[in-house]
Amino acid sequence: MASEEDHVDAGLQAELQVAEAEAAVLVEDAETFPSRSLPLTEDPEDEGPFAPDILRSECWFEDGNIVLIAENVAFRVHRGLLAKHSTIFHDLFSVPQPCTDSSELIEGCPVVHLSDTSDDVGRLLCALYDGPSAFQYGERVSFSSIAPLLELAHKYNIEALRDDMLLRMRTVFCHQFSVFKSSAEFINCPEGHTERLLRSAAVEIVPSRDAIRAVELIRLIDETTMLPMALYLCTLLPAATLISGSKLPNGRTVCLSPGDLAHCMEARVVLALRAYKARERISLFRATGTCVSSDIRGCGPGIESVFGSLHTTRDIDNVSTHALTDWGKRIKRMSWLCKSCRTGLLEENNACQRYAWERLPEDLGLVVPGWNATVDSAT
């Protein structure tokens, strides 16, 4: 017969087996759900990950005193620099933070989690640390590189960076016709696609990639005078892209709001008609009484042969919505034109552009106070 001592030993053994089973479950859970604690690296020189799910970015200063984490990437930077440029960070750091055993630290630095992408935060910090050298003023940059900077500068109230990005954007998303004529131009896509790029000396816009994103951003920062040109670029997109949106480099898809989508779809019809009428008007231009062409028929037949391909009704379906097309360069290359007809044709081209520009907000269903169509005389 088993003694009382044997029963006790059996009970202890059973408890030990239960405890081991529970420990195994805890270990399995810990592997499935990594701890939120962020331990120091055993080797400070180690370039690899210093926490199970956090990676060290290239923006890592050993004398930094704050760590920003975006997605799974950490940035060790200086809170004084952030507070100097951003009122949001300044206010955040001005509030005393209680120091408890549960406070999240990385290498002794407090941690701030951001909801932005790590790529965008990296660009922002680069701009803050490098200052003007991050973007040379004489250098043309892509819209996709300045868009996240403007968005974060707006979000964190970094006034100087926001103003710099806006200055660049206003060279293409302008509200004065004179600025549009002097600083912006549409060019053919270098890859030979049918798409036309919009660029200035400061920034380049690829409509298929940037137009819808530009509308989203301009709506966010509430810069109404920039909206007509952004929506105009959207009208140049295929209908399928307008409806489904465009994909950003970070994988996010941006779409027009239902209201903006409706305005663009309706404006496409009006703008296509304006583009057709402008080309018809140029093709029928005649410098009555002033043409000095050596051809007895004058310059008229030649002008019509160049610009008259959309003159007949059967071709109207092929007209693009590009009502702001500038034929100036093509006219200047027509060496057979007499001086009088060249000057008159350039003025006609300018008048057609100005006519479309003046009506652009209305065509897009917008009311834009301060929309200005002032332009110098064509030369």
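Here, residues in each chain are numbered from 1, in the same order as that chain's written sequence. Only residues with pLDDT of 70 or above have their local features reported here, since the model is predicted, and side-chain atom pairs are shown and tallied only from 80 upward, although totals for entire chains, interfaces and linings are computed over all residues. The side-chain numbers reported here are obtained from all heavy atoms of the structure, hydrogens and water having been left aside.

Student: What's the story with the pattern of salt bridges in this structure? I'm lost.
Tutor: As a working rule, side chains carrying opposite charge can pair if their charged atoms are close by. Basic side-chain nitrogens of Lys or Arg form a salt bridge, by our definition, when they fall within 4 Å of a carboxyl oxygen of Asp or Glu. Enumeration according to the criterion identifies 18 salt bridges in this entry. In this structure, R213 engages E216 in a salt bridge whose closest nitrogen and oxygen atoms are separated by 2.9 Å. Note that R213 and E216 are positioned in helix α8 (residues 207–221) at a spacing of three residues, about one turn of the helix. Across the pair D260 and R219 runs a salt bridge, and its minimum N-O distance is 2.6 Å. A residue pair is termed long-range when its members are at least 10 positions apart, and D260 in helix α11 (residues 258–283) and R219 in helix α8 qualify at 41 residues. Residue exposure (1.4 Å probe, protein chains only): buried if accessible area is under 20% of the type maximum, exposed if over 50%, otherwise partly exposed. You can call R219 partly exposed: its relative accessible area is 43%. Secondary structure elements follow DSSP: runs of H or I no shorter than four residues count as helices, runs of E no shorter than two count as strands, and numbering proceeds from the N terminus.

Student: Is there a simple way to think about the environment of R213 in this case?
Tutor: Taking the relative accessible area as the measure of exposure, R213 reaches 7% and is therefore buried. Residues R213 and A147 lie 66 residues apart in sequence; the distance between their C-alpha atoms is 8.2 Å. Contacts: residue pairs with any heavy atoms within 4.5 Å of one another. Once you skip the residues sitting within four places of it in the chain, R213 turns out to touch F143, A147, P148, E151, L248, R252 and V254.

Student: Quick question: what am I supposed to make of the confidence of the model for the protein here?
Tutor: With 74% of its residues at a pLDDT of 70 or more, the protein has an overall mean of 80. What pLDDT expresses is the predictor's confidence in each residue, scored from 0 to 100. Below a pLDDT of 50 lies the segment residues 313–317, which in the model reaches four contacts outside its immediate sequence neighbourhood of four places, other chains included.

Student: What am I meant to see in the sheet that holds strand β5 (residues 109–114) here?
Tutor: Strands pair in a sheet through their backbones, by hydrogen bonds, and they do so in one of two ways: parallel or antiparallel. Here, a strand pair is defined by DSSP locating no fewer than two bridges between the strands. If you walk across this open sheet you meet the five strands as β1-β3-β2-β5-β4, and the pairing is mixed. Each having just a single partner strand, β1 (55–60) and β4 (105–106) make up the two edges of the open sheet.

Student: What is the right way to read α8 from this model?
Tutor: Note on helix geometry: an α-helix contains 3.6 residues per turn, so any two residues three or four positions apart are oriented the same way. Between the first and last residue of a helix there are one fewer steps than residues, each counted as 1.5 Å, and that sum is the expected span. Counted at 1.5 Å a residue, the expected span for α8 with its 15 residues is 21 Å, and the 20 Å between its end C-alpha atoms agrees. Two residues or fewer after α8 comes D222, characterised by a positive phi angle close to 60 degrees.

Student: Looking at this model, I keep getting lost on the sheet that holds strand β9 (residues 203–205). Mind explaining?
Tutor: With respect to topology, four strands assemble into an open sheet ordered β6-β9-β8-β7, the strand pairing being mixed. Only two strands of the sheet have a single partner each, and these edge strands are β6 (141–142) and β7 (185–188). Working convention: axes come from line fits to C-alpha atoms, limited for helices to the stretch in contact. Angles between N-to-C directions cover 0 to 180 degrees. Packed on one face of the sheet, helix α9 (residues 227–235) meets β7, β8 (196–199) and β9 and runs near 20 degrees to β7.

Student: Sorry, what's going on with unusual backbone geometry here?
Tutor: Leaving glycine aside, a negative phi is the common case for residues, and trans is the common case for peptide bonds. Positive phi is not limited to glycine here, since E71 has a value of about 55 degrees. Along the chain, E71 falls in the loop between β2 (66–70) and β3 (73–77). Positive phi outside glycine occurs at E107, with the angle close to 50 degrees. Its place among the elements puts E107 in the loop between β4 and β5.

Student: Would you mind going over the pairing of β3 with me for this structure?
Tutor: Regular strands place their side chains on alternate faces of the sheet. Counting buried residues in β3 gives five out of five residues, a clear majority hidden from the surface. Here β3 shows no split at all, with V73, F75 and V77 on one side and A74 and R76 on the other all buried. Relative to β3, β1 runs parallel, the two being bridged by three bridges. Among the inter-strand pairings, R56 is bridged to a residue of β3, identified as A74. Sheet analysis places β2 next to β3, joined by five bridges and oriented antiparallel. Each residue of the ladder has a partner; that of I66, found in β3, is V77.

Student: How should the packing of α8 against α9 be read in this particular structure?
Tutor: Axes are the key here: two packed helices are described by the angle between their axes and the distance separating the axes. Closest axis-to-axis distance for the α8/α9 pair is 8 Å, and the angle between their directions is 145 degrees. As α8 packs across α9, the resulting crossing turns out to be left-handed. Listed contacts from α9 to P207, A211, I212, A214, V215, I218 and R219 of α8 are L227, A230, L231, L233 and C234. Residues are sorted three ways: Asp, Glu, Lys and Arg are charged, Ala, Val, Leu, Ile, Met, Phe, Trp, Tyr, Cys and Pro are nonpolar, and all the rest, Gly among them, are polar. When its residues are assigned to classes, the contact of α8 with α9 shows eleven nonpolar, no polar and one charged. Crossings are assigned a handedness: left-handed for a near helix turned anticlockwise from the far helix by less than a right angle, right-handed for a clockwise turn.

Student: Sorry if this is basic, but what is going on with the environment of S118 here?
Tutor: Among the structural elements, S118 can be located in helix α4 (residues 118–130). Setting aside chain neighbours within four positions, we find S118 in contact with A70, E71, V73 and F75.

Student: How should I be thinking about the side chain of T325 in this particular structure?
Tutor: Assignment of secondary structure puts T325 in the loop between α12 (300–307) and α13 (328–333). Aside from chain neighbours lying at most four places away, what touches T325 is N349 and Q353.

Student: Looking at this structure, I do not really get the layout of surface pockets. What am I missing?
Tutor: Where empty space is left can be seen by rolling a probe of water-molecule size over the atoms. In this model, the second largest pocket occupies a volume close to 370 Å³. Lining the second largest pocket are 20 residues, with D120, P148, R213, L248 and N250 sitting closest to its centre. Elements that contribute at least two residues to the lining of the second largest pocket include exactly α4, α5 (143–155) and α8. No other element matches the seven residues that α5 contributes to the lining of the second largest pocket. The method works on a 1 Å grid over the protein atoms by themselves. A cavity is a set of points holding a 1.4 Å probe that cannot get out, a pocket is an open set with protein on both sides within 12 Å along at least five of seven lines, and residues with an atom within 4 Å of a point line them. Grid points are joined across faces, edges and corners, and a volume is the space filled by probe spheres set on the points.

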